[in-house]
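Commentary on secondary and tertiary structure
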Amino acid sequence: FLLITHWRKQKLSESTIATYLATLRYFFQTAKIENTIPSNVELGVSRQNNKIIQSISIQDYHRIFHPYVKCILGFELLFGTHRSEAIKIITIRNLVFENQLWISRNIAFNGIERLVPIVTQEQVNLISLFKETLPHEQSMIERIEKRALMAIYKAELSCHNLKASNQNRKHYVKYRSEMLE
C-alpha cells in the first residue's frame, strides 16, 4: 500500500496512520464504495500505547522546597489522601487522634470519615511541617485561593520535572509497604 509508505516517509506515527486508515474506511463505507483497504494488521500498522507512567519517588518529595506543595504532596504520598482532601485538612488539635490522621467527612473525597495510621517518623515530620506552615486553625484553601495554590503546586512540581496532573495518592500503598519492611 503506497500511501502507508508515503506517510511513513513523512514520519507520521503509527497511531496517526491507523487513524487516517480508519477515516478512509469510514469514507468508503458512507459513500457505499466497496472497502478495498486491508486491515491494519495486514498492512503492518499497529496502534502502540506508549504511555509512560511517571512514578514519583520519595526522593522527589524530599526535593520539594515550598511548604504548601510539600504538605500537599506529602499527604498524597504518605497518607494516601486526594489532593482535594489535602488542601482542606485543618490544623486543629485533634488532627491526630491516637497516632492516626483524622480525615473528617467534611473533607473526605467520598464523604466517608476515616483514620489513617501514623507509623513512620516521616509522617510525624509532615504533620509538624503542616502545623508550622499553618499555625492557626485553618486549611490551605482558607489561606490561599485554590487557583493560586494549584498554580504554585504545578510550578514547583514542574521545576523537578514532575507532572502536576498525576494523582500521587496511588503510590501510598507502595510506600506504605516499603515503610513496613
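Residues numbered from 1 in each chain as written. Predicted model: local features only at pLDDT ≥ 70, side-chain atom pairs only at ≥ 80, totals over all residues. Heavy atoms only, no water.

Moving on: the overall build of the protein. A count of helices and strands for the protein gives 10 helices and 2 strands. Going from N to C terminus, the protein has its helices and strands arranged as α-α-α-α-α-α-β-β-α-α-α-α. Its C-alpha atoms give the protein a radius of gyration of 24 Å, more than 25% over the compact-globule value 16 Å for 181 residues. On the principal axes, the C-alpha backbone points of the protein span a range of 75 × 35 × 30 Å. By residue count, 38% of the 181 residues in the protein fall in the buried class. In the protein, 60% of the contacts between residues at least 6 apart in sequence involve partners at least 24 apart. Computed over 24 positive and 16 negative side-chain charges, the separation of the two mean positions in the protein equals 7 Å. (Helix = DSSP H or I, 4+ residues; strand = E, 2+ residues; numbered from the N terminus. Rg over C-alpha atoms; globule rule 2.2 N^0.38 Å. Buried < 20%, exposed > 50% of the residue type's maximum accessible area, 1.4 Å probe, protein only. Contact = heavy atoms within 4.5 Å. Lys, Arg positive; Asp, Glu negative; His and termini not counted. Charge placed at Lys NZ, Arg CZ, Asp CG, Glu CD.)

Once that is clear, we can look at the packing of helix α1 (residues 2–9) against helix α2 (residues 14–30). Running from amino to carboxyl end, α1 crosses α2 at an angle of 145 degrees, the nearest separation of the two axes being 10 Å. Where α1 crosses over α2, the two elements pack in a sense that is right-handed. On α2, the residues that touch L3, I4, W7 and R8 of α1 are E14, I17, Y20, L21 and L24. (Axes fitted to C-alpha atoms, helices over the stretch in contact; angles between N-to-C directions. Left-handed = near helix turned anticlockwise from the far one by under 90°.)

The end-to-end C-alpha separation of helix α9 (residues 146–159) is 20 Å, in line with the 20 Å expected for 14 residues at 1.5 Å each. Lining the buried residues of α9 we find α5 (67–79), α6 (83–86) and α8 (140–143). Two residues or fewer past α9, N161 is found with a positive phi of approximately 55 degrees. (Expected span 1.5 Å × (residues − 1).)

Where α5 contacts helix α7 (residues 121–133), the axes come no closer than 10 Å and their chain directions differ by 145 degrees. In the packing of α5 onto α7, the handedness of the crossing is left-handed. On α7, the residues that touch P67, Y68, K70, C71, G74, F75, L78 and F79 of α5 are E122, Q123, L126, I127, L129, F130 and T133.

What follows is about unusual backbone geometry. Even without being a glycine, N99 presents a positive backbone phi close to 55 degrees. What makes N99 exposed here is its relative accessible area of 56%. Non-glycine residue N161 carries a positive phi angle of around 55 degrees. Position of N161 among the secondary structure elements: in the loop between α9 and α10 (172–180).

As for its placement among the helices and strands, R25 is situated in helix α2. Buried and without a salt bridge, R25 has E42 as its closest oppositely charged side chain, separated by 7.0 Å. If we skip the residues at most four places from it in the chain, R25 touches N35, I37, P38, S39, N40 and L43. (Salt bridge = Lys/Arg side-chain N within 4 Å of Asp/Glu carboxyl O.)

The next thing to look at is the environment of R8. By secondary structure assignment, the location of R8 is in helix α1. Once the C-alpha coordinates of R8 and I87 are considered, the two residues, 79 residues apart in sequence, prove to be 48 Å apart. In this structure R8 touches E14, I17, L43, G44 and V45, once residues within four positions along its chain are discounted. Within polar-contact distance, the side chain of R8 engages the backbone oxygen of G44 at 3.0 Å. (Polar contact = N/O pair within 3.5 Å; in protein donor to acceptor, adjacent residues only side chain to side chain.)

This part is about the environment of E98. One can find E98 in the loop between α6 and β1 (100–103). Owing to a relative accessible area of 67%, E98 belongs among the exposed residues under this scheme. Linking E98 and I152, residues 54 residues apart in sequence, is a C-alpha distance of 33 Å.

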